[in-house]
Amino acid sequence: MNLNKEEIQYYHRHLILPQIGKTGQQALKKAKVLVIGAGGLGCPTLMYLSGAGVGRVGIVDPDKVAVSNLHRQVLYGFSQVGEFKAEAAVNRLKDLNPNIVLKAYTQRLSPENAVDLISQYDVVVDATDNFPTRYLINDFCVYLDKPFVSGSIDRFQGQLSVLNFTDNQGNKCPTYRCLFPNPPAPETAPDCSQNGVIGVLPGIIGNLQANEVIKMICGVGEVLSGKVLMFDALSNQTMLFSIQRNEQAVQQALQNAPDFESFDYESFCSSSQQKINEISAVDLHKKLQNNEKIQLIDVRSIPEFQEELPNAIRIPLNNLQANIHNILKNDCQVVFYCDHGINSIRAIRMLPNHQTLKNVFNLTGGLVAWLKEEKK
Ligand SMILES: Nc1ncnc2c1ncn2[C@@H]1O[C@H](COP(=O)(O)OP(=O)(O)OP(=O)(O)O)[C@@H](O)[C@H]1O
């Protein structure tokens, strides 16, 4: 893996670092890294891994660039709105470093494609924003014996850890399931589209993720394995927690191997909770068309989308307690909704005896799913 003239010039500041030098730069050139999620965390990670000279960078993301992404997903600009993130990222990164190979996968990582995608790479970066995908990445990385760098952010706080790493002595280090054996309740799980996030935070955490990848590839410094780093952007406090490997949790990751396709990660992440009734956008459409008596409740405080469902009553989540009795006096079906279907779950759980309310539903996927259905 020799470096050409242009590369020697491009990587000069790396080459003069004794910890990286020519050997480290060649190791980077040989390395293959798969970044899953090209959003808030993925953008900075991708920019710095590409700049560092990782020889092959894969980018998995089915999403398209939206205006509300731009404040933190600074790899993109207004001219890319509507393009696939993975493709827009490849186009920008090609210009940043033409000496590397970039590959866009405009699909969602799933149990069906995970072996194929992950097995082609040496290191994985989890830059996604949801628990089913985090468990999915963990299980396939454990199965395929790949280290991965996990990052997450919420409002002003972020955390990261290197998981499923094998150290110099051949010891296997903790995995995601060792850290979180069970998924959190959906409404307590962080969600930037509901809670917000300060734009610089994914920049900080995503860069730390890239730094861990570079250290692993070059074999320098102390890899953040067996530890979780937490950062608070308001106080600048950084905390490091130790975590232990738990063989039982590791075995859970492997319990479905090699027949992973049968494992439903979405249900796994919602099964720890008492079920509430869900209604899909398709079914709600049908019911409304059949003139069924349905009260729609919009619980959004600061709506992301201007659209509303027809004849909906607006009761923001923080005013709900005071209005609960008015809502439930009606003998009709009640459908709660918000932009993405998470705050509406929170709203339903605030209702007294919500488990026994047969006529109360959550609109799955919220207004986003409804608008998608309307476009069909
Ligand atoms: N299973 C998955 N496979 C590939 N990419 C995923 C998967 N799950 C989530 N992602 C991607 O991870 C990225 C996470 O980015 P981020 O947290 O900034 O959220 P976002 O979806 O871009 O924004 P918002 O939620 O505010 O609309 C998104 O681009 C999303 O499409």
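Residues numbered from 1 in each chain as written. Predicted model: local features only at pLDDT ≥ 70, side-chain atom pairs only at ≥ 80, totals over all residues. Heavy atoms only, no water.

The criterion, for reference: UniProt positions are given in the numbering used here, feature names are shortened, and annotations may be inferred rather than shown by experiment.
Per an unreviewed UniProt entry, the recorded name for the protein is Molybdopterin-synthase adenylyltransferase, and the organism is Methylomonas lenta. As recorded by UniProt, the Subunit (unreviewed entry) comment attached to the protein reads in full: "Homodimer. Forms a stable heterotetrameric complex of 2 MoeB and 2 MoaD during adenylation of MoaD."

## A few points about the packing of aromatic side chains
Our working rule: Aromatic rings from Phe, Tyr and Trp, with only the six-membered ring used for Trp, were paired whenever their centres fell within 6.5 Å, and each pair was classed as stacked if the ring planes differed by under 30 degrees, edge-to-face if by over 60, and tilted otherwise. Relative accessibility under 20% of the residue-type maximum defines a buried residue, over 50% an exposed one, and the middle range a partly exposed one, all with a 1.4 Å probe and only protein chains included.
Considering all chains together, one arrives at four aromatic pairs under this definition. When the centroid spacing of 5.0 Å and the interplanar angle of 70° are considered together, the rings of Y10 and Y11 count as edge-to-face. Classification of Y10 as partly exposed rests on a relative accessible area of 33%. Under the relative-accessibility criterion, Y11 is labelled buried at 4%.

## What to know about the sheet that holds strand β3 (residues 101-105)
Short version of the rule: Paired strands, as defined in this entry, are two strands with at least two bridges between them according to DSSP. Strands are runs of DSSP state E lasting at least two residues, helices are runs of H or I lasting at least four, and both sets are numbered from the N terminus onward. To obtain an axis, a line is fitted to C-alpha atoms, over the contacting stretch when the element is a helix, and the angle between two such axes runs from 0 to 180 degrees between their N-to-C directions. A contact between two residues is defined here by any heavy atoms of the two lying within 4.5 Å.
Read across the sheet, eight strands follow the order β3-β2-β1-β4-β5-β6-β7-β8 without closing on themselves; strand pairing throughout is mixed. Only two strands of the sheet have a single neighbouring strand rather than two, namely β3 and β8 (238-242). The sheet shows a mean angle of 15° between the axes of neighbouring strands, direction not considered. Of the pairings in the sheet, the one linking strand β7 (residues 227-232) to β8 comprises five bridges and is antiparallel in character. Its bridge partner lying in β8, V228 is registered against F241. On top of the sheet, helix α5 (residues 85-96) reaches β2 (56-60) and β3; it is set at about 165° to β3, its chief contact.

## Let's talk about the confidence of the model for the protein
One rule of thumb: low pLDDT means the predicted coordinates there are not for detailed reading. Quick note on the threshold: Scored from 0 to 100, pLDDT records how confident the predictor is in each individual residue.
In this model, the protein carries an average pLDDT of 90, and 93% of its residues clear a pLDDT of 70 or more. Under the prediction, the complex receives an ipTM of 0.98, its pTM being 0.79.

## Notes on the side chain of S152
On the secondary structure map, S152 appears in strand β5 (residues 148-154). The contact partners of S152, leaving out residues within four places of it in the chain, are L41, R134, Q157, G158, Q159 and I205.

## Some details on the site of the ligand
To keep it simple, the criterion reads: Nearness here has a simple test: a residue counts as near a molecule or strand if at least one of its heavy atoms is within 4 Å of that partner. We call two N or O atoms a polar contact when they sit within 3.5 Å, provided that within protein one can donate a hydrogen and the other can accept it, with sequence-adjacent residues counted only if both atoms are side-chain atoms. Note that accessible areas follow from Shrake-Rupley with a 1.4 Å probe, and for residues the cover is restricted to the protein chains shown. Basically, the charged four are Asp, Glu, Lys and Arg, the nonpolar ten are Ala, Val, Leu, Ile, Met, Phe, Trp, Tyr, Cys and Pro, and anything else, Gly included, counts as polar.
Among the 20 residues in the neighbourhood of the ligand, the closest are listed as G40, D61, Q73, K85 and L109. In this structure, G40 approaches the ligand through a main-chain N or O atom, which is 2.9 Å from an oxygen atom. In isolation the ligand offers 630 Å² of accessible surface; the protein chains occlude 89% of this area. Tallied by class, the residues present in the shell around the ligand amount to five nonpolar, nine polar and six charged.

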